[in-house]
Amino acid sequence: PTMKLIGNSLILGFMEAMSESITLGEKTGVGASAVHNLISDLFPAPILLNYANKMTNDTFDGSKGFSIDGGLKDASHVRNLAMEANAHMPTVDTAHRNMLTARAIHANTKAAGVESYDLLDWSALIAGPRVAAGLDGLNSGKVSDTSGL
């Protein structure tokens, strides 16, 4: 079980880094697709390409992947394991926070009747970097409404 958690912490860390880079690509005009191509060239691992594709195309259907609740549970277990071992896991901490952001956004869109997914995939953690950058968290085609801020 410990090795599984360490493996999931690696996947989560890669997803966090990809989400930040894809968001930077969106904000700078380079484009998410160009960053996705760069990820494909540098890190051709199928699991990473699958999650990069989900982030690039906003396909966050958790019924076809690992649910955000499962991701939060695993991230919490990793954080507890790290605490017990006096180890530092800041990337997992950041990813955990970004998954909470994504889950909250998803809950609000579901309550408003505008969400198409019952379950959210953990790759939706890209919502955190997007919102911080002034973009819509789960829909890269929209700009976030910050008029109420």
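Structure's up top.
Computed from a predicted structure; not experimentally measured. (Residues numbered from 1 in each chain as written. Predicted model: local features only at pLDDT ≥ 70, side-chain atom pairs only at ≥ 80, totals over all residues. Heavy atoms only, no water.)

A. Structural view of the overall build of the protein chain. Broken down by element type, the protein chain carries six helices and zero strands. The helix and strand sequence of the protein chain, counted from the amino end, reads α-α-α-α-α-α. Each of the three principal axes of the protein chain carries a C-alpha extent, and together these read 45 × 40 × 30 Å. Counting over 149 residues, the protein chain shows a buried share of 40%. In the protein chain, the share of contacts with a sequence separation of at least 24, taken over all contacts with a separation of at least 6, comes to 65%. (Helix = DSSP H or I, 4+ residues; strand = E, 2+ residues; numbered from the N terminus. Buried < 20%, exposed > 50% of the residue type's maximum accessible area, 1.4 Å probe, protein only. Contact = heavy atoms within 4.5 Å.)

B. How the structure looks around the nonpolar core. Judged by nonpolar contacts, the single largest core of 30 residues is most densely connected at L12, M15, M18 and M99. Elements represented by at least two residues in this core include exactly α1 (2–28), α2 (32–42), α3 (46–57), α4 (68–84) and α5 (90–111). The element contributing the most residues to this core is α1, with six residues. Apart from the residues lying within four places of it in its own chain, the contact partners of M15 are Y51, M55, W122, S123 and L125. (Core = buried A, V, L, I, M, F, W, Y, C linked by side-chain atoms within 4.5 Å.)

C. Examining the packing of aromatic side chains more closely. Per the stated rule, a full pass over the model turns up three aromatic pairs. Consider the rings of F14 and F43, whose centres lie 6.4 Å apart with planes at 50 degrees: the pair is tilted. Of this pair, F14 sits in helix α1 while F43 sits in the loop between α2 and α3, and the two are 29 residues apart along the sequence. On the basis of relative accessible area, F14 is assigned to the partly exposed category, the value being 37%. Between F66 and W122, the aromatic rings sit 4.8 Å apart at their centres with planes inclined by 80 degrees, giving edge-to-face as the arrangement. (Phe/Tyr/Trp six-rings, centres within 6.5 Å; stacked < 30°, edge-to-face > 60°.)

D. Representation of unusual backbone geometry within the structure. One non-glycine residue, D58, lies in the positive phi region at around 55 degrees. Along the chain, the position of D58 falls in the loop between α3 and α4. Since its relative accessible area comes to 14%, D58 is described here as buried. The phi dihedral of N86 falls on the positive side, at around 55 degrees, and the residue is not glycine. Locating N86 in the fold gives a position in the loop between α4 and α5.

E. Representation of the side chain of R130. Following the sequence through the fold, R130 ends up in helix α6 (residues 127–132). At a separation of 3.3 Å, a polar atom in the side chain of R130 contacts the main-chain carbonyl oxygen of G137. Excluding anything up to four places from it in sequence, R130 contacts T23, E26, M55, D58, F60, L135, D136, G137, L138, N139 and S140. (Polar contact = N/O pair within 3.5 Å; in protein donor to acceptor, adjacent residues only side chain to side chain.)

F. The arrangement of α5 in detail. Taking 1.5 Å of rise per residue, 22 residues should cover 32 Å, and α5 covers 32 Å from first to last C-alpha, within 8% of that figure. Every buried residue belonging to α5 is among V92, A95, H96, N98, M99, A102 and H106, and all of these are buried. Buried residues belonging to α5 abut α1, α4 and α6. Two residues or fewer after α5 comes G113, characterised by a positive phi angle close to 80 degrees. (Expected span 1.5 Å × (residues − 1).)

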